[in-house]
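# Chains, contacts and geometry: an overview
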Amino acid sequence: METQIYTPKEFPELFNLKSLSKQAVAYHIKLYDGYIKKLNEIQDEYKTINLDTANHNYSHHRSLLVEKAYNYNAVVFHEMFFENLISKPFEPECWLKEKIEKYFKSFDTYIRDLNATVRSSRTGWAITGYNHTDDTIQNYAIDSHYISVPIKISPILVIDTWEHSFMPDYGIDKAGYFEHLIPEINWIIVKDRLQKAISDV
């Protein structure tokens, strides 16, 4: 059985951010690398699994499937989060703002809703996603890496809400973390993701 081998990507731009300290970024990158290492170990182990022992109560096969989803989502969400940060802030383009304002009435309302989503998410993620079912843009809170993940949603903006993402610099002040992070969102990446999501409909 052929399985994909995942390799860590590099994100040098993260070390130029004002919202996150270099030490916090270094810890975060190390954690991301760990998810990739475990994902590859799971992929490797899956090659030799005895499929005849599969069972929904407990089996090694079931455990590998669950942990594969957990680690895979962790890799993807981290990469999207790292990619949508930039050290040189700029305003989102009119096209993107108009698309967002269609569903949130104003861009400020969207940011307030996203802030509330960040504060509502436990250990997990806050995402803005394009909904392929009803052609809308909505915010979603995801706990862990694989709980409450919405179906037919393309994430266009991802914010890490696990404690390791904000506690090194902000303690328990998650709202302060968001307020410092939002000016360093790479809105070009967000726009590109939205355009791709819409074209895939």
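It should be noted that the structure appears before, not after, this text.
Note that the structure is a prediction, hence the values are computed from the model and not measured. Numbers given to residues run from 1 along each chain, matching the order in which its sequence is written. The predicted nature of this model means local features are confined to residues of pLDDT at least 70 and side-chain atom pairs, given and counted, to a pLDDT of 80 or more, with totals for whole chains, interfaces and linings taken over all residues. To get the side-chain values, take all heavy atoms of the structure and skip hydrogens and water.

Whenever a helix is involved, its axis is fitted only over the stretch in contact; in every case the axis is a line through C-alpha atoms, and angles between N-to-C directions fall within 0 to 180 degrees. Helix and strand assignments come from DSSP, with helices taken as H or I runs of at least 4 residues and strands as E runs of at least 2, each series counted from the N terminus. Helix H7 (residues 187-199) packs onto helix H3 (residues 94-104) with a crossing angle of 65 degrees between their chain directions and a minimal axis gap of 10 Å. Seen along the crossing, H3 lies across H7 with a hand that is left-handed. In contact with Trp95, Leu96 and Lys99 of H3, H7 contributes Trp187, Val190, Lys191, Leu194, Gln195 and Ile198. For this classification, the nonpolar set comprises Ala, Val, Leu, Ile, Met, Phe, Trp, Tyr, Cys and Pro, the charged set comprises Asp, Glu, Lys and Arg, and every other residue, Gly included, is treated as polar. For the contact of H3 with H7, the per-class residue count stands at 6 nonpolar, 1 polar and 2 charged. Helix crossings get a hand from a simple test, with the near helix turned counterclockwise from the far one by less than a right angle marking a left-handed crossing and a clockwise turn marking a right-handed one. Throughout, a residue-residue contact means that at least one pair of heavy atoms, one from each residue, lies within 4.5 Å.

Okay, a nonpolar patch on the surface next. Patches here are clusters of residues that have more than 30% relative accessible area and form no salt bridge, with a 9 Å joining cutoff for like charges and a 5 Å cutoff for nonpolar side chains (Val, Leu, Ile, Met, Phe, Trp, Tyr). All accessibility values rest on the Shrake-Rupley procedure with a 1.4 Å probe; residue burial counts only the protein chains present in the view. The term salt bridge refers to a pairing of a side-chain nitrogen on Lys or Arg with a carboxyl oxygen on Asp or Glu at a separation within 4 Å. A cluster of nonpolar side chains, namely Tyr146, Ile147 and Val149, defines an oily patch on the protein surface of about 240 Å² accessible area. By relative accessible area, Ile147 is classed as partly exposed at 43%. Only protein chains enter the accessibility calculation, which uses a 1.4 Å probe. A residue is then buried if its area is under 20% of the maximum for its type, exposed if over 50%, and partly exposed in between.

Taking burial as the measure, the 8 residues of strand E1 (residues 124-131) include 8 buried ones, the bulk of the element. Note: E1 against strand E2 (residues 136-143), 8 bridges, orientation antiparallel. Bridge pairing links Gly129 to Gln138 in E2. Two strands are said to pair when DSSP picks up at least two bridges between them. Connecting E1 to the next strand, E2, in antiparallel fashion are 4 residues, including Asp135 with a positive phi near 55 degrees. In this sheet, strand E3 (residues 153-160) lies alongside E1 in antiparallel orientation, the contact comprising 7 bridges. Opposite Ile127, over in E3, you have Val158 as the bridge partner.

The strand order across the open sheet built from 3 strands is E2-E1-E3, with neighbouring strands paired in antiparallel fashion. Each of the sheet's edge strands pairs with one partner strand only, and the pair in question is E2 and E3. Direction aside, the axes of adjacent strands within the sheet are offset by 25 degrees on average. Along the sheet, helix H2 (residues 60-83) makes contact with E1, E2 and E3, crossing E3 at roughly 75 degrees.

At their nearest, the axes of helix H4 (residues 107-120) and helix H6 (residues 174-181) sit 9 Å apart, and the two run at 140 degrees to each other. Relative to H6, H4 is oriented oblique. For the crossing formed where H4 meets H6, the hand is right-handed. Side by side, H4 and H6 meet where Ile111, Leu114, Asn115, Val118 and Arg119 of the first sit next to Lys174, Ala175 and Phe178 of the second. Per-class residue counts for the contact of H4 with H6 are 5 nonpolar, 1 polar and 2 charged. Here is the rule for angles: anything less than 35 degrees is roughly parallel, anything more than 145 is roughly antiparallel, 65 through 115 is roughly perpendicular, and the remaining ranges are oblique.

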